[in-house]
Amino acid sequence: MKTNDETVHNGVDVIVKDSGALDQTAYLKFEVVGVKGVVTSAVLRLYMTKSRSGKQISLYAADNDWEENSLAWSNRPALRGDPIATVASPSTGGSYVDFDVTKYISGVGDFSFAVTSDSAKEIVFNSKQAGVGVPLLEVSGDETVSRLPSDVMEQGERYIHRYSTPDDINNAGYFDVTKQPYGAKGDGVSDDTLAIQRAINEARDARVVVFLPAGTYKVTDTLQATQGLITQEDTAAGERVRDRAFPNVLTGPRQGRRAIIELASDANGFGDDANPKPLVHFWARGRVRSPFENQPNTNYNQMLIDVDLDLGGNAGAIGIDHAAAQGSAIEDVVIRATGAYAGIRNAPGSGGGTHGVTIEGGQYGMYILDGLVSVISDITLTNQSVAAIYYKGSGALQAVGVKIEGSGIIGATPGAPWTGNLSLIDSVVNLTTPGTAISTPRNVYISNSYFRNATAVVNITDKGVQYANQPGNASGWAYVKEYAAGTTVLQSPSWSKENTIAPIPKAATPVPNWVDGVKGTAPVSEMSNPYDGSIPTDLQSRHAWSKPFPSWQDADTANAKTAYGAKGDGKADDTEAIQNAINHSSKVFLPRGTYLISRPLVLKADTRLFGIGNVQTQLAPIVTGTSTAFNDPANPKPIIQTVDDPDATTTLAFLAVLTPRTKNAAYAIDWRAGRNSIVRDIDVTYGLLAQKGGDALSNSLVVIEGSGGGKWYELWSGEFKPGSEAPGYRRLIVKNTTQPLSFYMLNLEHAVSDYQAEFINARNVDVFSYKAEGNKPLVKIGNSNHIRMIGFGGNAMALANTASVVVENSEDFVLANMMFQQRPKGAGSPTTFDGVAVDPSSNFMVKDVTASGKTATPGYEQVVMYKRGSP
């Protein structure tokens, strides 16, 4: 292309020069496909036919917004950053000139180059039209390479530097897939696969979010949201950085027109329902497992939010495959799966969740083979041909506020005794054709749910033996107030073989229910059949956040950076700026950054404070100096504090609250906002890991008290450091509360204090999925009532003569679907995060202390339901 020349030049030669009659710049574009893992080598090779000895040839990254047959000087793409590579022109032509572009090519995607020179005379290369000596881009990848965080962040800065719109990063924290260098069209016609895939890869390393504006993005292959191998490294600031710090987060608009990823009809590889293939695949390269397959328990912080999917009728297509752990989620997504295999395969568990999802059609709505103590809430599943839910995951699936129209729920025969169980709460199952609503070989707990056309509400059959069969109403409605039934299992093949203090059954035994201190093996059933009343219209909304959820795009949102001067640079004290934003606006957005706080941020009753992601936006206290409130261990202060108001609509979402590891003067949250408040997708954990000295932590990390309540989604905290926590420390304490309080995945683990969590003088609390690890008791419930904890699991085992759950002087409570992963006695150690596995006959699952005595359930035995009173 020549200066001021509007003629299209795409001939045999590529000509570059700097001066003379006309400047000339050459542009090249390559589709990079098939590269997996870390790009270890990328070389652009141009065949030179005319050289200018001693002159410099420079190669730049260029935007992708050009086409070969319409490129002219006036519409030439922009160059990004400094030259990628510069080489000296050889003395003669007739050979390839190589440019190392390893630090430019991020993986699969479209990549454009611009070639310039400082020569006043032409330097000539062959173009693709030459037929021989054509331009080559040779790229190699390695799926086994583990990178250092500092190297990844350095690479991420290059991607940020090349992105076309710095304000998107500085004032929000995202790469827009429609902007350069990505250039997705979103017109429903163009193939946007490579543009989106490149944005996903580069946003991950840059620690920003992928944003898809409203539009329809046609794709033809799986979008791989891969969390790569990262070698743990402590930064100079004391932050420990590892795999979880580099997640893939995809989001779209929360209001108005939607962002839709649409799989092209007859897309290659998506036609075989015997070998189904996902449209979007979130996964983490394995360390214990192979780096070529997902390791769910290290798949952290990966989220798809406010993006809809259309599977295009492809028979083997799956919308999302996402077996994951802490911080991961699928939220506010519609999947059109008519004619396809499934809307979702696998599910975020062990600290993650699935919420606000609608799936239309498919053989299966949710096909869950891998997911630990998963929770799904506010879910609509319609017109599935085989099953609305198919479950074979670890621990119990908690399905809360689910509406099913069409087919029922199927559980598969799993391997381990702690897998495949199901809880169904506040849900409606409306079968199109009379049949069994829930068919499974494992334990079932149901509360406040409605069934239509169910010849059987529940059928528990394993290997031809029926353990429970609850008749329903084949031509109308049945209502289940509460139902609990178990199968018969060998509690643990490994435990039964060990020498134990007390004998563990050597054969399969029934999984019991405990009611008011009495153990029984028969199903517990309280239902109305037939049911002639009305079906409540708020079953789903009871478990949903208010929509539309606040967005940085809302006109009435105050951006703490642009409107109030917060820096978010991890250096400046941003307290005054953020508090001013809170005082003057009900919606406050914290863009990507680390915000240092010197005194508690006080949220008003109507404050909605939110970031862009629980990795991208962080709050941390200033713990040194005289100007901070966080330096007096005798008077610890929270980083976030709310007003005490039972009617508050306070919201906290999409950010991390980091606390010192050993400084006993700061804790994360003091929450006193009531039943209408929301806490969503936050990471509450230790930060400032390099800090030394100080007393062991004694103040709890999260405190809910007074009028505190609301809905909490994916609350997790799990750092581990022996000796850093005093006996009275709690990851969470709920005390002296009466407001309704619900947790949708409570993941508190690795504490070395007396208890991981405590509910003391608390009322009206629901916990749907509690995942834990370690030897310390999960929870103590004291002097409390109307408590429900549904679904326990994880790698947790209480020490000898202690219990996983301790209940003292409490009434009207229920604990359901309690089963933990089992390890051989002696596995692990007290200095590892999951503790040491003890003799399971020496501890207890539940210890329930009342005025009349003590009840304790064996530590080796699952429990379908442990109930006292009428919760």
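Residues numbered from 1 in each chain as written. Predicted model: local features only at pLDDT ≥ 70, side-chain atom pairs only at ≥ 80, totals over all residues. Heavy atoms only, no water.

**Some words on the pattern of salt bridges**
Keep this limit in mind: Whenever a carboxyl oxygen of Asp or Glu lies within 4 Å of a side-chain nitrogen of Lys or Arg, that contact is scored as a salt bridge. Helix and strand labels come from DSSP, where a helix needs a run of H or I of at least four residues and a strand needs a run of E of at least two; each type is numbered from the N terminus. Only protein chains enter the accessibility calculation, which uses a 1.4 Å probe; a residue is then buried when its area is under 20% of its type maximum, exposed when over 50%, and partly exposed in between.
This structure, assessed with the given rule, holds 43 salt bridges. Note that Arg80 and Asp63 form a salt bridge whose closest N and O atoms lie 3.0 Å from each other. Here Arg80 is found in strand E5 (residues 79-88), whereas its partner Asp63 is found in the loop between strand E4 (56-62) and E5, with 17 residues between them in sequence. For the pair Arg80 and Asp63, one class covers both residues: buried. Across the pair Arg680 and Asp332 runs a salt bridge, and its minimum N-O distance is 3.9 Å. A residue pair is termed long-range when its members are at least 10 positions apart, and Arg680 in strand E51 (residues 678-687) and Asp332 in strand E23 (residues 329-336) qualify at 348 residues. Given a relative accessible area of 10%, Asp332 falls into the buried group. Counted as one network, the salt bridges with shared partners bring together Glu331, Asp332, Asp378, Lys547, Arg680 and Asp681.

**Some remarks on the confidence of the model for the protein**
How we decide: The quantity known as pLDDT measures the predictor's confidence residue by residue, on a range of 0 to 100. Residue contacts are defined here by distance: any two heavy atoms, one from each residue, within 4.5 Å place the two residues in contact.
Summary statistics for the protein give a mean pLDDT of 91 and a share of 94% for residues scoring 70 or more. Counting interchain partners and residues more than four positions distant, the pLDDT-below-50 stretch residues 1-8 has 27 contacts.

**Observations regarding the side chain of Ser374**
Along the chain, Ser374 turns up in the loop between strand E26 (364-368) and strand E27 (375-382). Judged by its relative accessible area of 0%, Ser374 falls in the buried class. Residue contacts for Ser374: discarding those within four places in its chain leaves Ala347, Pro348, Gly349, Ala396, Leu397, Gln398 and Ser769.

**Here we look at the packing of aromatic side chains**
Keep this limit in mind: Classification of ring pairs rests on two measures: the distance between centres of Phe, Tyr or Trp rings, Trp counted by its six-membered ring, which must be within 6.5 Å, and the angle between planes, read as stacked under 30 degrees, edge-to-face over 60 and tilted in between. Working rule: Lys NZ or Arg CZ, within 6 Å of ring centre, within 35 degrees of ring normal, means a charge sits over the ring.
This model, assessed by the stated rule, comprises 33 aromatic pairs. Here a set of aromatic residues connected by ring pairs shows up, and it is made of Trp545, Phe549, Phe654, Tyr713, Tyr744 and Phe768. For Arg45, the ring lying beneath its charged end belongs to Tyr96, and the centroid distance is 4.6 Å. If you follow Arg680 out to its NZ or CZ, it ends over the ring of Trp545, 3.7 Å from the centre.

**Brief notes about the nonpolar core**
Inclusion rule: Definition of nonpolar core: a set of buried residues of the types Ala, Val, Leu, Ile, Met, Phe, Trp, Tyr and Cys, connected through side-chain atoms within 4.5 Å.
If you look at the biggest cluster of nonpolar residues, it comprises 75 residues, and the most contacted ones within it are Phe175, Ile438, Ile446 and Phe451. Top element by residues in this core is strand E33 (residues 444-462). It accounts for 7 residues. Membership of the second largest hydrophobic core comes to 69 residues, among which are Tyr595, Ile597, Val684 and Trp712.

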